[in-house]
Amino acid sequence: KMNNFIPMECAVKMLFVVKFLGWRKRFPYPLGIIVGALPRGNSAVAGDMVLRIAHNIPLAPERVFTNCSVSVPPHQTPSRIVFPDAFTIDPEGSTDHDDALTCEILKREAESEEYQIGVHISNVQKYIPRGSDIDDIAAKRGCAVYGDPTNCICKMLPESIVDDTSLLPDKHRAAFSVIAQVILKSGAVDAVHSVTIMESNITSKLELSYLEAQSLIDNENTRNKPTLTGKVSRYNSSRGPRTLTIETQLQILWKIASFLRFRRLGKRAYYFPIDEPGEDQHPEAHYLVEELMIWANTSVSERLLETFPDSTVIRTQAQPNERQLQSLIEDHGPRMAMSFTLGQYVPREQPRCESVEILKTTLKGIQDAVQTGNIRKALHFVQFEHLHPQLAVAHSCFRQIQSSSNYQVSEATEENYWHDTLRCNSYTHFTSPIRRFIDIAIQRMLHAALSGEENPYTKEELEDICVLSKEAAKRANNYERETKKLRLACNLQQNSQEFTCFVTTIEEGKLHICYPDLSLRKCHSRDTIHLKNLNATSIPQQSETEAVAASAAGEATAKPRPASWTAKVASLSGSLRPFLANCHLQVHPKGATAQQKAEISIFIPERDDEADSESRLVEKKVLASVQPFTHTIPPEAWSKVQALLENDPESLSPEHLLQMFRPKESTEPPQATSLAPFPHAKSPLWIYTVDRLLQPCEVMQVQLCASSIHGQRESASLTPRVQLLEVAPNLRICIQHNSNPVECFIDKPTHTASKNEYRDLKAYLTEWEKVLLAEAAYNSLTDSELLLVRDVTLTWPELAKQIDSSGQVYYQLPVQNGVSAPVEMELPKSFKKSSYEFFKFTQGDLVCVRYDTNDTKCVFHMVVNGVRLDDKVGSATVFLKFISQGSNYISHKMKKSLSASGGRALHCQCEVQLIPLTLPYRRIYRSLRALQTDHTALAESIALGKARIRSTGSCNVGTILSQEEASIATSLWPLQSRSDGKGRVKLNAFQRKAIDNAFSSGFSMVQGPPGTGKSVTGAHMAFALAMRLCKGAPRAAADRGPSPCVLYCGPSQHSVDVVLEMLTSHNFPVKKTPLKIIRIYSKEIEKSDFAGPKQNSGVFRKKRTDVKCKAKYHEYALHHLVRKKDPTISTMERQFADEGTIPSFAEREEHTSAVFEAEKAVLNEGVDIVLCTCNEASSHRIMKGVRPVYCIVDECAMATEPECMVPIRRAEHVVLVGDHMQLQPVIQYKDAASMGLGVSLFERYVKMNVQPHMLQVQYRMHPSICEFPSNEFYEGKLTTDEQVAKKRKIEVASLQDFWPQREKPFVFCDIIGTEKEVHTGQKGKVRVGLESKFNEKEARQIVHIAKILIEVHEVAPGEIAVLTPYSAQKAEIKRQMERQDITGVEVKTITESQGSEYGIVLLSTVRSRKLDDIRTSEGERKKADIGWIRANLGFITDKHQICVGITRCKYGLVIVGNKVLLSYDSTWKGLIDHYSRNCCIRKGSEFPATQ
């Protein structure tokens, strides 16, 4: 029994160390026990602790050596050769020196010189007895772990041994030396020969850093470097007779290293791969040491292979996979041909790129170096291929196919141990014994080889060492990489930074980028941005149909197409000039085009003599080109530089280089000056439309920040993440909040909102607010429209100082009762009257605040907490708050910028992106908050879970209404309405009982299984209740306010229109007075009929919805009635039909006021039934003009609970109509669904054992089709109407030869297909880059069956519907039907089919696996846990989807799927067993039998 629980509020701030105990079969999760808890790694100290534990790095590495005995042998052996003038080159601050170098003159002649060079490695094995405790610990650790190149946080050996073996200055040390003679002729290396390996004694006399060594190689004047000058002077004065000056030694060693490098790599030697920051400042020094170490390691491996050919440890790397390499050449061959190192992999005839793109900053670096006479530095810019977009992309992609390096124990029969990157036939690790254990093992083997002894290790022992060393190196590398990431992230936490990046590939809905910046190369060299997070109005992504077709055909992705962005921008300064001043845009003459182009629509006052706030705004358009970050140089110039580097580098003169790197002449037309097309200084509103081609090698700017969230995953510590992506000058997309809207704005919900009961309405609001806002935030970002307000000044309250675990100072807004103090944004009167209507800030809206000053870059994510209007001044104050505590972090540097103006109020100008909640969520959120203060007693009871169905038998339709009214209300309405009541068919007993319950109980629930006529029942119920209201009170006069009415709502426009069709077609005049019915549509539908002045400008007009108001409903639609009521409204709308003009504020206000007054007048004239969607019920016109006594919520089980509460809030009687066994609410954010938003109000009450009244007679399906869903989902209560059963049997009779069993019109067609996944682009508000699945074989079978039904059995195409859970399968089936010329057959997803019915349904389940993946070798089904089932079946196991999919048909159902795989789900297994008992399962090859 557990007695202690960690509160969720604390748990979300912690990380837990868990010991794994086991994973029992058929359990979805493993079992473990918490053994420790840590704070989240949101600081340097906490993050490092998390990383150490995650990568198994000891927190106290020296403690383990406490009881180990250390015997120190003599540092030098008298009989060995002594090298007294060695020197070391290491990173600045390093103290662990493994290696040293020497260079001595042997003889000098007229035309030649002979030198002896030596690479000396500390003899560490001498200090570590084989089998000792220290040896065992070192073997297990495998290697030392470094936080950075000079900070070893976990040494492999005790500190004392490291100190005794490190080649420190003026210390005598034992060493292994690799010696060679070198001959130079005419100053060039001619040969390196007579390689000797020995044990020696050395003394290092000079300790150099790489930067110091570079200065000496370059022969720089070191007078301004006194430390280096002193060291060099002391060394040169104390050297032996054969020892050269240190400057000469380094210059000769650089020549030797270059010789060895060219001998090893050939043309590749010209490529300088730079991986660490600072290496570009000392490339020669770095490669001098690297090349000599490679030579030493190669020499040792060759010697060991001679002595121990069958038991030597070799480091190998295989060549890239041939198939992957060919694929890479197909994609990047022209770029690879331009590279020194990658060119060897492409054929000689491979064409090169037609142009060479060089960053403008790189080109400037070349030009500056040439002008100062530093030719070597200029050539470095060519050799550093990571700086050039085309080459960097090729290298980045090549690294993805490179094989990993491995340790291997040699075999006597093997002769070649190739290392592909190093281009060596044999290579080992010998030169870092202080850092790697395998080097100690190699030293022991080398000592044995030099001494004539046997190999100290068996082959099995060496293989074990190889395995341990590989794992240790991987662990250390991962830790070091993550540590660098953490260090970078901690810097980014204080101040975000901008970086240049190159696009590498665009595939599967993702944009992959790489960074040339050295500070990112080793820790964060690549990033991935989902295309769906780009806020693009159009995206270079295939449509769903194109993606499926391409995947089915095995084709590559289509050629890149331009992406487009549109930003609506308002400036509080009222001017475009500040924008253009720092903008990389060039304005073209009219008609000019560019590959990366922009169109700017500026709205300026119509007349200069009017104040901006009162004038109309007229649109002026300007075309411009987005200037690239690169210059284009001729490819022949690049080739010439490369050729000269290879053959005659001395001939490269400064003038020659400047000529070759001169950019190509631009073909663009002459440019106008930036400000010429903008005669008006003031332009408060403008639209910025950008087209940009997204393709490999594109150069972009990104801003990185620190975050612990990546996509939907949470990291253990801070890591760098893309925050902003600049798609055009001054147009930046916030990738951070597009990727993680909930975590940025809201915080991830931690409590389930849907509960049986709540303490009070405040608790109800607290539980639901965050979950609702989480879903709202997730949905709000599906809109690609960008709304930006520039030149904004926010007023911050006094900030609270905080200190993190690393001692870093930061600040937060003060928090009281879980709510942060507000930040104020002042909107002046001029802004409101000119642009405010297009940038309306409303409670709950999301705001992305971006600061970009000279010193700091920062982004904050906030939520609008309220808006205060000052009617006297005309201004507005917007109050912003942090809800996500992760966003409430203000660095010390940012705080200084905010408070630069002094005083308590903090000010600093910024840019604000407004992300308005979609109108439905705005209304739902507003209604939820209003529930605390404005509600009926019944609404409160329903919300708190206390409402119950209490029916009084004496109150029903018959006792309340007249005989005529009751007859109409309880009879089916025929197509031709009859008012005399004769010949009517009565509603069935269950339907009549539902209406009686509505009369007798203030709260009732009606469950309507498929085909039972719940909408019919709802329409009759609305009619009856309206008649009851007519008997209770007369309609109110227009001046007495709204009269009582029935409010009929549903979650969608379609669900409401279905009932409107019934009510308006049969609006029976009772006592010569028909009921007055008004349908209130959404604003979006109204705008599609009548675009008001606010939407007249084409750039502001939203894309019209596919749902429109049908002409036959115009006489009931409120937006049509108000224009009949007040014709001046239409006159105003026609007057402002000019798409290039925005009416003045006064004209917009006049139109708004006229519409509202007309709506109010129409509603106050009296209305009996109002029909609208649930969220529309909170609109201003309904709140002011409608008094809902009765509220019927249709399809209630498909609406979220907060959505249902919108119309319920003011109702006195409530009826919920729905079916919780069919489709649930559609929730985009999975965590919101799991936190209760996926549970409808209807389902919540069912779970509380409040039993709804179920309609039990269905009028749709053939009785045998109805049998399974009745038993599976409705406890066997669902029956078929007798007349319908007879009719369905007659319809089936014509298809008797089609079905396996003549009287049972259903079949399961068993197909083992192959499912494929595609990444598709969607139009409208659905996010692009979505994943979906399709099954080509199933699609072919479906189309074949449809063709047989149409051609052989003469079934009308309109009677057939194809349903599938996946939109990609829908696209594939449509594609195949087009090929077969099949038309008229509806193809829909299951979700789209809700509420529809068809003659015959063909259902494709899509998911499939090969039988070998499903069955064991004995032929039995594999046992699978829940995780396996979820991965292989997905959401087709959702009972609600299954219920809807198999209940849409009238007289025929064909299910196509993989029987074995589907049987892993209990519901599908029950269906398959039912079909099997009825002999209705057939193989795909056997069905249909008619060919």
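The preceding data block contains the structure.
Quick caveat, the model's predicted, so the values are computed rather than measured.

Quick look at the overall build of the protein now. Across its full length, the protein carries 49 helices and 53 strands. Evaluated residue by residue, the protein yields a buried proportion of 57% over its 1491 residues. By sequence separation, contacts in the protein at least 24 residues apart represent 75% of the contacts at least 6 residues apart. Split by element, the accessible area of the protein, about 62700 Å² in all, is 49% carbon and sulfur.

Attention now goes to the sheet that holds strand β42 (residues 1213–1218). In space, the seven strands of this open sheet follow the order β38-β40-β37-β41-β42-β36-β43, with parallel pairing throughout. Edge strands, defined here as strands with exactly one partner in the open sheet, are β38 (1077–1079) and β43 (1253–1254). Bridging between strand β41 (residues 1187–1193) and β42 involves four bridges; their strand directions are parallel. Within the sheet, the bridge partner assigned to C1191 lies in β42 and is V1214.

The antiparallel open sheet is built from three strands, whose spatial order is β26-β27-β34. Edge positions in the open sheet fall to β26 (800–803) and β34 (890–891), since each of these has one partner strand only. Of the pairings in the sheet, the one linking β26 to strand β27 (residues 809–812) comprises four bridges and is antiparallel in character. Along β27, the bridge assignment pairs Q802 with Y810.

Residues I89, L157, L250, L288 and F661 are the most contacted members of the largest nonpolar core, which totals 111 residues. With ten residues, helix α8 (residues 283–307) is the largest single contributor of residues to this core. With near-sequence residues (within four places) excluded, L157 lies in contact with E62, F65, V124, I128, I134, A138, V162, P433, I434 and I440. If you look at the next biggest cluster of nonpolar residues, it comprises 85 residues, including L917, Y925, C1049 and V1214.

So, on to helix α35 (residues 1145–1164). Structural remark: α-helix, 3.6 residues per turn; residues separated by three or four positions point the same way. Between its first and last C-alpha, α35 extends 28 Å over 20 residues, near the 28 Å set by a 1.5 Å rise per residue. Turning to α35, its buried residues are F1145, E1147, R1148, H1151, A1154, V1155, A1158, E1159, V1162, L1163 and N1164.

Within the secondary structure, S1179 is located in the loop between β40 (1169–1173) and α36 (1180–1185). Every residue in contact with S1179, bar those within four places of it in the chain, is listed here: R923 and R926.

The subject of this paragraph is a nonpolar patch on the surface. A cluster of nonpolar side chains, L21, L31, I33 and V35, forms an exposed patch at the surface whose accessible area comes to about 390 Å². Of all the elements, strand β2 (residues 31–39) adds the most residues to the nonpolar patch, at three residues. Looking at where V35 falls in the secondary structure, it is placed in strand β2.

With that settled, the discussion passes to a negative patch on the surface. Among the surface-exposed residues, E824, E826, D870 and D871 lie close enough to one another that they form a single negatively charged patch. Residue position: E824 is located in strand β30 (residues 823–827). Taking the relative accessible area as the measure of exposure, E824 reaches 31% and is therefore partly exposed.

This part covers unusual backbone geometry. Cis peptide bonds are those with omega within 30 degrees of zero, and the linkage from F1487 to P1488 qualifies with -5°. Its identity is not glycine, yet S194 carries a phi of approximately 55°, on the positive side. Relative to the helices and strands, S194 resides in strand β9 (residues 188–209). For D791, which is not a glycine, the phi torsion comes out positive at approximately 60°. Along the polypeptide, D791 turns up in strand β25 (residues 786–795).

Further remarks concern the pattern of salt bridges. The final tally for this structure, using the stated rule, is 55 salt bridges. K231 is the salt-bridge partner of E212, the closest N and O atoms lying 3.0 Å from each other. Of the two residues, E212 is situated in helix α5 (residues 210–217) and K231 in helix α6 (residues 226–238); the sequence distance between them amounts to 19 residues. Looking at E212, the relative accessible area reads 15%, which means it is buried. Accessibility expressed as a relative area gives 18% for K231, which makes it buried. Residues R1375 and E1372 are paired through a salt bridge, measuring 2.8 Å at the closest nitrogen-oxygen approach. Of this pair, R1375 and E1372 both sit in helix α43 (residues 1367–1379), separated by three residues, roughly a single helical turn. No difference in accessibility class separates R1375 from E1372, as the two residues are buried. A cluster of three or more residues bridged by salt bridges with shared partners is formed by R923, K1083, E1086, E1159, E1176 and R1181.

Further remarks concern the state of the cysteines. Following the criterion strictly, the structure yields zero disulfides and no others. The thiol of C744 is unpaired, and the distance to the nearest cysteine sulfur, on C734, comes to 6.3 Å.

Right, let's talk about the packing of helix α13 (residues 437–451) against helix α14 (residues 459–494) for a bit. Helices that pack against each other are described as a pair by the angle of their axes relative to one another and the distance between those axes. One way to put it is that α13 packs onto α14 with a least axis distance of 9 Å and a crossing angle of 155°. Between α13 and α14, the crossing angle belongs to the class labelled roughly antiparallel. Facing F437, I438, A441 and M445 of α13, the residues of α14 in contact are L462, I465, C466 and S469.

With nine of its ten residues buried, strand β16 (residues 562–571) lies for the most part within the structure. By the bridge criterion, nine bridges tie β16 to strand β21 (residues 685–693) in an arrangement that is antiparallel. Within β21, the position partnered with V569 by the bridge is W686. Relative to β25, β16 runs parallel, the two sharing five bridges. If you follow A570 over to β25, its bridge partner there is V789.

What counts, and where the lines are drawn
Residue positions within a chain follow its written sequence, with the count starting from 1. Given that the model is predicted, a residue must reach a pLDDT of at least 70 before its local features are reported, and side-chain atom pairs must reach 80 or more before they are shown or counted; all residues, however, enter totals for whole chains, interfaces and linings. The basis for every side-chain value is the complete set of non-hydrogen atoms in the structure, without hydrogens or water. In this text, helices come from DSSP runs of H or I with a minimum length of four residues, and strands from runs of E with a minimum of two, each type numbered from the N-terminal end. To sort residues, take the accessible area from a 1.4 Å probe on protein chains only and compare it with the maximum for the residue type: under 20% means buried, over 50% means exposed, and anything in between is partly exposed. The contact criterion used is simple: two residues touch if any of their non-hydrogen atoms lie within 4.5 Å. Reported accessibility uses the Shrake-Rupley method at a 1.4 Å probe radius. Residues are deemed covered only where the shown protein chains occlude them. For two strands to be treated as a pair, DSSP must find at least two bridges joining them. Grouping buried Ala, Val, Leu, Ile, Met, Phe, Trp, Tyr and Cys residues that are joined through side-chain atoms within 4.5 Å yields what is termed a nonpolar core. Multiplying 1.5 Å by the residue count of a helix minus one yields the expected span of that helix. Patches here: salt-bridge-free residues with over 30% relative accessible area, like charges joined within 9 Å, nonpolar side chains (Val, Leu, Ile, Met, Phe, Trp, Tyr) joined within 5 Å. By convention in these notes, a salt bridge is any Lys or Arg side-chain nitrogen within 4 Å of a carboxyl oxygen on Asp or Glu. We count Lys and Arg on the positive side and Asp and Glu on the negative side, and we leave His and both chain ends out. Charge coordinates come from a single atom per side chain, which is NZ of Lys, CZ of Arg, CG of Asp or CD of Glu. The term disulfide is used for any two cysteine sulfur atoms that are within 2.5 Å. Only the stretch in contact is used when fitting a helix axis, every axis being a line fitted to C-alpha atoms; angles between N-to-C directions are given from 0 to 180 degrees. Throughout, the term roughly parallel applies to angles under 35 degrees, roughly antiparallel to angles over 145, roughly perpendicular to angles from 65 to 115, and oblique to all others.

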